[in-house]
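One-letter residues, chain by chain:
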Amino acid sequence: MLKSKSVLIGVCGGIAAYKVCEVISSLFQAGADVRVILTETAQRFITPLTVATLSRHQAYTDKDFWQSPHSRPLHIALGEEADLLLIAPLTANSLGKLTYGLADNLLTNTVLASRCPILLAPAMNTEMWEQSVIQRNWQQLRRNTRYHSIGPGSGLLACDRTGSGRMAEPTEIITKLQSLAYTQGQQDFKGKRILISGGGTREHLDPVRFLGNPSTGKMGLALAQAASDRGAVVTLVHGPIAPELQPISADYKLISVVSAEQMEAVIMTHLVESDIIIMSAAVADVKPAHYSNHKLPKKDLPTELKLDPVTDILAKLGSLKKVHQTLIGFAAQTGDIVNPALDKLKRKNLDIIVANPVDQTESGFGTDTNKAVFINAKEQQKIIDSCSKLELAHRLLDFVKIRGVSSEQ
Ligand code: CTP
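From a predicted model like this one, the values you see are computed outputs, not experimental measurements.

1. Remarks on the nonpolar core
Thinking step 1. Leu2, Ile9, Val11, Leu27 and Ile173 are the most contacted members of the largest nonpolar core, which totals 33 residues.
Thinking step 2. Mapped onto this core, the elements with two or more residues apiece are β1 (6-11), α1 (17-29), β2 (33-38), β4 (84-90), β5 (118-122) and α9 (170-183).
Thinking step 3. Per element, the largest residue contribution to this core is six residues, and it comes from α1.
Thinking step 4. What Ile9 contacts, discounting residues up to four positions off in sequence, is Val20, Val23, Ile24, Leu27, Val34, Arg35, Val36, Ile37 and Leu86.

Rendered as structure tokens:
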């Protein structure tokens, strides 16, 4: 999603600048053309040499601004060439300057000379971040539709405190930039409420043994990210997901469940208020008929497991949904993916089904990429070749818009 995109990064003077080195490296590896401006104080934390080595381009500093050897003023050239601008870490000082349109260095002049979407990743000590004057500037700046934000999250800070003000993680920043590259900041689902399920459920036999599946929750997380980046109010109900996949700066609500029964209860509570419901979770079809609330000794384990069915949540939603609601299911299939998916779409009264091959490379459980065929109730189909789960999520939202469900209609 970032291949051949020109990404300009403005680094301000904060300790989180060291994390930006990872962002630069990841962007380069993703095929982006990365240019970096270091403010005067940023150079106290990371050097122009570090940045130039990682980005494969000269690092720009205020020295270049005042002694520009270029045929065109440097801030104009950098501003015009950028497809996306990231400012990370955004400090209290630079936040104040951006809020009031001040331009006293290369970075702030370049911001004013550019038109592309800008992603802001603030990082500050908690006391600083919570000052009313900082919060006022932050709210005011974010009202400008050019500016998009990520974080700050909460966590251990360099001042030895644990609190808000921690810069978003590099992987979160990259994901947000990928979304921005796709949408150019368009908020086409603003005002829509989207309920998403993701991950796999676990049906326990006892506290340590369960029936489960290999779903990691990556598709659900990608859907939640894409939908919230496009302005929707998103709730993601998910089965257990690995700690390293848990977002710390998510701007959507996460509700963690374990069993299909718990997932059903949460979904039913949120159903009425939802405009779009996307069931990407790998929900169990059956559960052990008997649950032991203490760990069964090996000798007491059954040699045959009696199973009970669990509610098909998607089918239940299909029978309850209102005309204004859009219901989307997933069909994880092997072999022929289209015909069984079409059958599920009709049987469960869905508006869209995502036929998802799980027996092919670059697709299915746990992978970062996915493939699919989107099918709607008019039996229109869209084939999606291998792409990242985030891109597939965005393309699914585009497909939803064909049905007339977005804030643009
Ligand atoms: N699903 C659900 N509740 C369940 C099981 C599945 O809501 N108890 C949802 C999944 O989230 C997914 C869709 O149903 O969106 C597809 O599930 P799948 O198991 O493929 O559907 P089935 O109708 O059970 O298909 P099959 O008969 O082929 O097993």
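2. Notes on the environment of Leu2
Thinking step 1. For Leu2, the position within the fold is in the segment before β1.
Thinking step 2. We classify Leu2 as buried; its relative accessible area is 1%.
Thinking step 3. As a C-alpha pair, Leu2 and Gly31 span 29 residues in sequence and 6.5 Å in three-dimensional space.
Thinking step 4. Those residues in contact with Leu2 that lie beyond four places of it in its chain are Val7, Leu27, Ala30, Gly31, Ala32, Leu84, Ile174, Leu177, Gln178 and Ala181.

3. Describing the sheet that holds β2
Thinking step 1. Taken in spatial order, the six strands make up an open sheet running β3-β2-β1-β4-β5-β6, and their pairing is parallel. Whereas interior strands pair on both sides, the edge strands pair on one side only; in this sheet they are β3 (59-60) and β6 (147-149).
Thinking step 2. Across the sheet, helix α5 (residues 92-99) is in contact with β4, β5 and β6; its angle to β4 comes to roughly 135°.

4. Focus on the pairing of β2
Thinking step 1. With five of six residues buried, β2 lies mostly within the body of the structure.
Thinking step 2. Relative to β2, β1 runs parallel, the two sharing six bridges. Following the sheet pairing, Val7 is matched in β2 by Val34.
Thinking step 3. Chirality of the crossover, the property in question, places the unit of β1, α1 and β2 among those that are right-handed.
Thinking step 4. Looking at chain direction, β2 and β3 are connected through two bridges and run parallel. When the sheet's bridge partners are listed, Val36 is paired in β3 with Ala59.
Thinking step 5. One crossover worth recording links β2 to the parallel β3 by way of helix α2 (residues 48-55), and it is right-handed.

Definitions and cut-offs
- Residues numbered from 1 in each chain as written.
- Predicted model: local features only at pLDDT ≥ 70, side-chain atom pairs only at ≥ 80, totals over all residues.
- Heavy atoms only, no water.
- Core = buried A, V, L, I, M, F, W, Y, C linked by side-chain atoms within 4.5 Å.
- Buried < 20%, exposed > 50% of the residue type's maximum accessible area, 1.4 Å probe, protein only.
- Helix = DSSP H or I, 4+ residues; strand = E, 2+ residues; numbered from the N terminus.
- Contact = heavy atoms within 4.5 Å.
- Pairing = 2+ DSSP bridges.
- Axes fitted to C-alpha atoms, helices over the stretch in contact; angles between N-to-C directions.
- Right-handed = clockwise from strand over helix to strand, strands pointing away.

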